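Spelled out from the first residue to the last, the chains are:
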Amino acid sequence: MIKLTTLLFIGGTEIVFILFIVVLVFGADKLPEVARGLGKGMRTLKDATNDIKHEVTKSAKESNIIDSDVAKEVQEEINKAKDDLEDFTGSLKRKM
């Protein structure tokens, strides 16, 4: 059975066709500049989203919306429950 690779619901043939159209529109010598511009744009977008995340987290901590001590305590309780469950299932598996 042949498995085709898909990327964002686009198959390999469609990707090749799109790349062919891009080469025809921009030309082979302009492609590095276009790719560089797209890379810079994506980097700017990523930096902006990271800045927004940082500001939201910072303001939430200042407003005491996020309490890291409470989050750590909850995580510790979850880990304890997970360990207890693993101990219990381990003894069950040995008896079977």
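Residues numbered from 1 in each chain as written. Predicted model: local features only at pLDDT ≥ 70, side-chain atom pairs only at ≥ 80, totals over all residues. Heavy atoms only, no water.

Engineer: Quick rundown of the overall build of the chain? Include the residues and the values.
Structural biologist: In terms of helices and strands, the chain carries three helices and two strands. The order of α-helices and β-strands along the chain, N terminus first, is β-β-α-α-α. Within the chain, the fraction of its 96 residues that count as buried is 4%. Surface accessibility of the chain: about 9,200 Å² in total, with carbon and sulfur atoms responsible for 64%. (Helix = DSSP H or I, 4+ residues; strand = E, 2+ residues; numbered from the N terminus. Buried < 20%, exposed > 50% of the residue type's maximum accessible area, 1.4 Å probe, protein only. Areas by Shrake-Rupley, 256 points an atom, 1.4 Å probe, with all protein chains shown as cover.)

Engineer: Lay out the pattern of salt bridges with the relevant residues and their values.
Structural biologist: This model, assessed by the stated rule, comprises two salt bridges. Measuring nitrogen to oxygen at the nearest pair gives 3.7 Å for the salt bridge that ties D47 to R43. Residue D47 and its partner R43 are both found in helix α2 (residues 31–62); the two are separated by four residues, about one turn of the helix. Among the residues examined, D47 registers a relative accessible area of 32% and is labelled partly exposed. Residue class for R43 comes out partly exposed when judged on its relative accessible area of 47%. For the salt bridge of K80 with E77, the shortest nitrogen-to-oxygen distance reads 3.9 Å. Of this pair, K80 and E77 are both found in helix α3 (residues 68–95), three residues apart, which corresponds to roughly one turn of the helix. For K80, a relative accessible area of 48% gives the class partly exposed. (Salt bridge = Lys/Arg side-chain N within 4 Å of Asp/Glu carboxyl O.)

Engineer: Explain helix α1 (residues 12–26) to me, using residue names and the numbers behind them.
Structural biologist: With 15 residues, α1 should reach 21 Å at 1.5 Å per residue; the first-to-last C-alpha distance of 21 Å fits that figure. A positive backbone phi angle near 90° is found at G27, which sits one or two residues after α1. (Expected span 1.5 Å × (residues − 1).)

Engineer: Before we move on, can you summarise a negative patch on the surface with the specific residues and values?
Structural biologist: On the surface, D83, D84, E86 and D87 cluster together to form a negatively charged patch. The topology assignment puts D84 in helix α3. (Patch = residues over 30% accessible without salt bridge, like charges linked within 9 Å, V, L, I, M, F, W, Y side chains within 5 Å. Lys, Arg positive; Asp, Glu negative; His and termini not counted. Charge placed at Lys NZ, Arg CZ, Asp CG, Glu CD.)

Engineer: Break down a nonpolar patch on the surface for me, citing the residues and quoting the values.
Structural biologist: A surface patch of nonpolar side chains, about 720 Å² in accessible area, is lined by F17, I18, F20, I21, L24, V25 and F26. One can find F17 in helix α1. Judged by its relative accessible area of 53%, F17 is exposed.

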